[in-house]
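These are the residues of each chain, in order.
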Amino acid sequence: MELFNFQTPSSVAELLIAKANTNAWLLAGGTDLIPQLKEGRRKADLVIDIKKIPAMNGISELEDGTLRIGAAVSATAIAQNVDAIRSYAALASSVALIGSRQVQNRATLGGNVCNAAPSADAIPALICYDAMAEIEGAEGKREILVEDLFTGPGRTQLNPTEVLISFLLPLQSERTAAAYQRFTPRREMDIAVAGVGSRISLDADGKIIAARVALASVGPTPLRAASAECVLMDESPSSQLFEEAGVAAAQDASPISDTRGSAEYRRHLVSVLCKRTLASATNELLQDTWT
Amino acid sequence: MSKEILECSVNGEQQSCLIDRRDTLLELLRTRLQLTGTKEGCGNGNCGSCTVIVDSQTVCSCLMFAVEAQDCEITTIEGVASVGELHRVQEALIKHGGTQCGFCTPGVVMSAVGLFAENPSPNESDIRLAIAGNICRCTGYEKIVKALMDVADPKGAD
Ligand SMILES: Cc1cc2nc3c(=O)[nH]c(=O)nc-3n(C[C@H](O)[C@H](O)[C@H](O)COP(=O)(O)OP(=O)(O)OC[C@H]3O[C@@H](n4cnc5c(N)ncnc54)[C@H](O)[C@@H]3O)c2cc1C
Ligand code: FES
Ligand code: FES
């Protein structure tokens, strides 16, 4: 590993000054960055530990009901947070899939998103809840949908001076439920061959008034399955409908073939996981077994 | 210029050491502090043999820079037993044969100690999840799980 300087800023202002240095890398949990530095896949002149910055830590509910999660909050802290478990169950359960307990104790939500792996397990749930990323850099602040952050494998549209401060999860309408499931050959400690997050919101008559389907590991970035969402809109939940949504989602995917699975297999997984996550969300809403 | 003074507590003892910023916590423990009970298997977070407890949380010490441990309280396998008395997790692993070559054992013990500190009566699936990040080449896990079930519920039927 090359030599690097190390800083531990205690405010966002200090962080932004440090980040203005060329070749400065933020260190959150380090579960992606440290192996990358060790293996020489990244070189850093400056490593900036963000875990001591209050604005990037902590989970809080804002006045309008939005849940704000600091970028440097750990997977374990989210998985154990009562507000997250109650209102954003798909996120709380998806962060609990990241590696092992040891990894979850370090890994942060911001790191999962900024590392921008197409297989990142926390991203589909964030997309399903229409989460916004609060970003700050040399040119000021901006907020964008998490969905719009990704430009390629390992790449986001953050410019070199920018950092991700927090995630804003809007209050969900009353009859809303979501789920994320992934397929891995091993139950734990494995990378998703495919992953699907789904969210539906129902009106008083039980009709679907909002739907989100987000896919992991089946494209160069996390993807939204727009045609699957179209299939679901204005319909009532049924296994037939979810079957059709699954078929549409498989078409929305643009997987590659690699050692973990062929493109065709991945499309099949998408259709099955789409169906299952929709059924799971519906179960939760209708509070009884639903097939 | 790559050196830094690190102050932390290791197994209850205050330490002040000059470290290289590139050192992982694992390197600090094994090389500088000679606490070689903590093992290095993979060096990238996959095997869990380097598991230690930092401020009440289990972590892979290979995935943490030593500088990140500034002012932290660290417990390694050497700090688990009290004088002359093994921790009940260690007793149970011996009793049930939950250790063979022993390479994974320090990490397994640390994960289990972390689990019981958080949840005194975990069920089998809690136990399996807690040690999912600890790879064992020898035991096939059954005897480790049995041992930890015994700790969770010593009166439980075998
Ligand atoms: C054994 C093991 C198993 C794993 N299993 C999984 C898994 O099952 N699913 C999964 O999705 N991932 C998995 N991962 C990958 C990793 O743990 C996650 O992606 C994790 O969420 C990364 O978070 P971190 O805080 O450790 O990121 P870091 O390594 O600290 O940072 C990751 C990247 O994001 C940048 N960054 C971090 N925070 C910010 C910020 N606020 N603003 C701008 N840039 C930032 C860093 O500079 C770096 O480039 C695994 C890793 C290991 C080692
Ligand atoms: S050596 Fe740290 S997890 Fe394998
Ligand atoms: S006892 Fe040999 S690796 Fe577990």
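Residues numbered from 1 in each chain as written. Chains lettered and ligands numbered in written order. Predicted model: local features only at pLDDT ≥ 70, side-chain atom pairs only at ≥ 80, totals over all residues. Heavy atoms only, no water.

Glancing now at the overall build of chain A. Check the secondary structure of chain A and you find eleven helices and 14 strands. By its C-alpha atoms, chain A is 60 × 45 × 35 Å across when sized along the principal axes. Burial status across chain A gives 56% buried among its 291 residues. Roughly 12,200 Å² of accessible area belongs to chain A as shown, and the carbon and sulfur atoms make up 50% of that amount. Here chain A contributes 27 positive and 34 negative side-chain charges, whose respective centroids are spaced 7 Å apart. (Helix = DSSP H or I, 4+ residues; strand = E, 2+ residues; numbered from the N terminus. Buried < 20%, exposed > 50% of the residue type's maximum accessible area, 1.4 Å probe, protein only. Areas by Shrake-Rupley, 256 points an atom, 1.4 Å probe, with all protein chains shown as cover. Lys, Arg positive; Asp, Glu negative; His and termini not counted. Charge placed at Lys NZ, Arg CZ, Asp CG, Glu CD.)

With that settled, the discussion passes to the confidence of the model for chain B. Across chain B, pLDDT averages 96, with 98% of residues at or above 70. Scoring of the predicted complex yields 0.96 for pTM and 0.96 for ipTM. (pLDDT = per-residue confidence, 0-100.)

To continue, consider the packing of aromatic side chains. Any two aromatic rings considered together are summarised by their centre-to-centre distance and by the angle between their planes. Enumeration according to the criterion identifies three aromatic pairs over all chains in this entry. Ring centres 5.4 Å apart and planes at 55° place the aromatic pair Phe 4 of chain A and Phe 65 of chain B in the tilted group. Note that Phe 4 of chain A is positioned in the segment before β1 (5–7) and Phe 65 of chain B in the loop between β4 (57–60) and β5 (73–75), a pairing that runs across two chains. Relative accessible area serves as the criterion here: at 0%, Phe 65 of chain B is assigned to the buried category. Here the aromatic rings of Phe 183 of chain A and Tyr 265 of chain A are separated by 6.2 Å at their centres, their planes lie at 85°, and the arrangement is edge-to-face. Residue Phe 183 of chain A is found in strand β11 (residues 176–183), and its partner Tyr 265 of chain A is found in helix α11 (residues 263–286); the two are separated by 82 residues along the sequence. (Phe/Tyr/Trp six-rings, centres within 6.5 Å; stacked < 30°, edge-to-face > 60°.)

This brings us to the domain arrangement of chain B. Residue and element names in this part refer to chain B. Here the domain parsing of chain B yields domain 1 (3–78) and domain 2 (88–152). Distance from the C-alpha centre of domain 1 to the C-alpha centre of domain 2: 21 Å. Each partner contributes to the interface: domain 1 provides 15 residues, whereas domain 2 provides twelve residues. The tally of links from domain 1 across to domain 2 stands at three residue pairs in polar contact (both at pLDDT 80 or more). Sorting elements by how many residues they give to the side of domain 1 that touches domain 2 places strand β3 (residues 51–54) first, with three residues. (Domains from an automatic or database assignment. Contact = heavy atoms within 4.5 Å. Polar contact = N/O pair within 3.5 Å; in protein donor to acceptor, adjacent residues only side chain to side chain.)

Residue and element names in this part refer to chain B. Within helix α2 (residues 88–96), the full set of buried residues consists of Val 89, Gln 90, Ala 92, Leu 93 and His 96. The arc that holds the buried residues of α2, viewed along the axis, is 165°, so those residues lie on one side. Set apart from the buried face of α2 by more than 90 degrees, the exposed residues are Ile 94 and Lys 95. At its buried positions, α2 is contacted by α3 (105–118) and α5 (142–152). (Arc of directions from axis to C-beta.)

It is worth spelling out the packing of α3 of chain B against α5 of chain B at this point. Residues and elements named next belong to chain B. Where α3 meets α5, the axes come as close as 12 Å, and the angle between the chain directions of the two elements is 30°. One finds that α3 runs roughly parallel with respect to α5. Considering how the two elements wind past one another, α3 and α5 form a crossing that is right-handed. Side by side, α3 and α5 meet where Val 108, Ala 112 and Phe 116 of the first sit next to Ile 144, Leu 148, Val 151 and Ala 152 of the second. Residue classes in the contact of α3 with α5 are distributed as seven nonpolar, no polar and no charged. (Axes fitted to C-alpha atoms, helices over the stretch in contact; angles between N-to-C directions. Parallel < 35°, antiparallel > 145°, perpendicular 65-115°, else oblique. Left-handed = near helix turned anticlockwise from the far one by under 90°. Nonpolar A, V, L, I, M, F, W, Y, C, P; charged D, E, K, R; others polar.)

Here we come to the sheet that holds strand β1 (residues 3–10) of chain B. Residues and elements named next belong to chain B. Across the sheet, five strands lie side by side as β2-β1-β5-β3-β4; this open sheet has mixed pairing. Strand pairing shows two members of the sheet lacking a second neighbour, β2 (13–20) and β4, which therefore form its edges. The average angle at which neighbouring strand axes cross in this sheet is 40°, direction not considered. Alignment of β1 against β2, held across eight bridges, turns out to be antiparallel. Note on β2: the bridge partner recorded for Leu 6 is Cys 17. With respect to the sheet, helix α1 (residues 25–32) is in contact with β1, β2, β3 and β5, its orientation differing from that of β2 by roughly 105°. Where α3 meets the sheet, its contacts fall on β3, β4 and β5, and the angle it forms with β3 comes to roughly 35°. (Pairing = 2+ DSSP bridges.)

Each partner contributes residues to the interface: chain B has 28 residues there, and chain A has 28 residues. Regarding the contact of chain B and chain A, the summed buried area is about 2,400 Å², with carbon and sulfur atoms giving 57% of it. By the criterion of area lost to chain A, the three top residues of chain B are Arg 22, Leu 63 and Phe 65 of chain B, representing 26% of everything that side buries. Our count for the contact surface shared by chain B and chain A stands at three salt bridges. Salt-bridge contacts for Glu 68 of chain B lead to Lys 51 of chain A; the nearest nitrogen and oxygen are separated by 2.6 Å. Here chain B is connected to chain A by twelve residue pairs in polar contact (both at pLDDT 80 or more). Mapped onto the side of chain B that touches chain A, the elements with two or more residues apiece are β4, α3 and α4 (124–130) of chain B. (Buried area = accessible area lost by both parts, 1.4 Å probe. Salt bridge = Lys/Arg side-chain N within 4 Å of Asp/Glu carboxyl O.)

A separate point is helix α10 (residues 239–252) of chain A. All names here are of chain A. With 14 residues, α10 extends 20 Å from end C-alpha to end C-alpha; this agrees with the ideal 20 Å at 1.5 Å per step. Of the positions making up α10, those classed as buried are Leu 241, Phe 242, Ala 245, Gly 246, Ala 248, Ala 249 and Ala 250. On its buried face, α10 is in contact with β13 (208–216), α9 (226–232) and α11. (Expected span 1.5 Å × (residues − 1).)

Time to look at the sheet that holds β11 of chain A. All names here are of chain A. Within the open sheet, the four strands sit side by side as β11-β12-β13-β14. Their pairing is antiparallel. A single partner strand is all that each edge strand has here, and the edge strands are β11 and β14 (223–224). Inspection of the sheet shows β11 paired to strand β12 (residues 194–202) by eight bridges, in the antiparallel sense. Bridge assignment links Thr 176 to a residue of β12, and that residue is Ser 201.

Let's shift gears to the pattern of salt bridges. Any two side chains of opposite charge can pair, on the condition that their charged atoms come close. Within this structure, the stated rule accounts for 20 salt bridges over all chains. A salt bridge links Arg 101 of chain A to Glu 118 of chain B, with the shortest nitrogen-to-oxygen separation between them at 2.8 Å. Of this pair, Arg 101 of chain A sits in helix α6 (residues 101–106) while Glu 118 of chain B sits in helix α3, on two different chains. The closest approach of N and O atoms between Arg 266 of chain A and Asp 258 of chain A, which form a salt bridge, is 3.1 Å. Judged by its relative accessible area of 1%, Arg 266 of chain A is buried. On the basis of relative accessible area, Asp 258 of chain A is assigned to the partly exposed category, the value being 31%. Here the salt bridges share partners, and the residues they tie into one network are Asp 49, Lys 51 and Arg 106 of chain A together with Glu 68 of chain B.

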